[in-house]
Amino acid sequence: MTSGSARFSVTPVVKRSAAVQVADQIVAAIRDEQLKPGDKLPSERELAQNFAVSRPTIREALAALELAGLARSHKGRGTVITGTAAAVATWGVEVLPPQVFEARLAIEPALAALAAEKRRPEDLELLEAKLAELEAGYAETGACPSDLPVHRAIARAARNPLLEQALEEVLRHVEGPSWQEPRDRAPAEECRMVVGHIREGNAAEAAEVWRRHLLAVASAAG
């Protein structure tokens with residue numbers, strides 16, 4: 001920039017694939033409620049003609065939407081929209097690690113407390129199973145490849161589908177390779193402690209342990 005020019009933040013320009021552009025347009029239609037849950041999309045052939053792309057490109061775009069939980073393909077019936085305007089609010093938006101941890105700290109301790117209050121036998125059984133899997137993996141490798149199954153089991157045990165769905169939306173942002181190292185450092189001891197408190201019905205203690213656990217993961221992420 002020339003001297004005296006205004007400075008502003010920029011990111012490198014990335015050439016986006018045709019499939020991504022197709023998916024983005026369908027998501028925009030969902031966001032604007034031109035497409036709503038239950039609406040059936042045109043056939044692959046029609047979509048390919050409308051977007052002026054190949055059918056493999058359309059299939060790739062639809063697969064991305066299905067993976068994101070925004071559409072579902074039915075053999076012989078085509079593809080049906082399942083996502084809502086609210087569900088696509090963060091599509092294409094960069095979510096930063098501090099924002100992810102802020103959301104998890106707001107949601108997960110409350111889920112742990114609810115799980116301790118409700119303590120359904122089938123939920124406790126699932127929690128024990130996920131903890132056992134985690135401990136077996138930790139004993140074998142000395143690392144914790146992913147403790148997310150325990151987090152999800154606690155969310156399920158809370159028996160609040162709205163909070164469980166909110167957590168699932170947050171966890172969608174921690175599955176990439178850049179999050180692998182923080183997950184490797186996640187302390188397994190706190191997983192054992194929170195499951196113990198849930199089993200005993202200690203809601204406040206379960207929430208506090210889970211809060212400390214998340215802070216430790218955030219610290220490991222740097």
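Structure: above.
First, a word on what this report is: a plain description of the structure on this page. (Residues numbered from 1 in each chain as written. Predicted model: local features only at pLDDT ≥ 70, side-chain atom pairs only at ≥ 80, totals over all residues. Heavy atoms only, no water.)

### Remarks on the overall build of the chain
Helix and strand counts for the chain come out as ten helices and two strands. Going from the N terminus to the C terminus, the chain shows its helices and strands as α-α-α-β-β-α-α-α-α-α-α-α. Per-residue burial over the chain gives 34% buried out of 222 residues. Long-range pairs, those at least 24 residues apart, make up 68% of the contacts in the chain with a sequence separation of at least 6. (Helix = DSSP H or I, 4+ residues; strand = E, 2+ residues; numbered from the N terminus. Buried < 20%, exposed > 50% of the residue type's maximum accessible area, 1.4 Å probe, protein only. Contact = heavy atoms within 4.5 Å.)

### Brief notes about the packing of helix α4 (residues 97-118) against helix α6 (residues 148-157)
Where α4 meets α6, the axes come as close as 7 Å, and the angle between the chain directions of the two elements is 60 degrees. As judged from the angle between their axes, α4 and α6 are oblique. The hand of the α4/α6 crossing is left-handed. Contacts between α4 and α6 involve R104, E108, L111, A112, A115 and K118 from the former and L148, H151, I154, A155 and A157 from the latter. The residue makeup of the contact of α4 with α6, split by class, is seven nonpolar, one polar and three charged. (Axes fitted to C-alpha atoms, helices over the stretch in contact; angles between N-to-C directions. Parallel < 35°, antiparallel > 145°, perpendicular 65-115°, else oblique. Left-handed = near helix turned anticlockwise from the far one by under 90°. Nonpolar A, V, L, I, M, F, W, Y, C, P; charged D, E, K, R; others polar.)

### Some points on the nonpolar core
Counting 32 residues, the largest nonpolar core has L111, L127, I154, V194, I198 and W210 as the members making the most contacts within it. Taken together, the elements giving at least two residues each to this core come down to α4, α5 (121-141), α6, α7 (161-171), α9 (188-200) and α10 (203-221). The dominant element in this core, judged by the number of residues it contributes, is α4, at eight residues. L127 has contacts with V150, A153, I154, A157, V195 and I198, leaving out every residue within four places of it along the chain. (Core = buried A, V, L, I, M, F, W, Y, C linked by side-chain atoms within 4.5 Å.)

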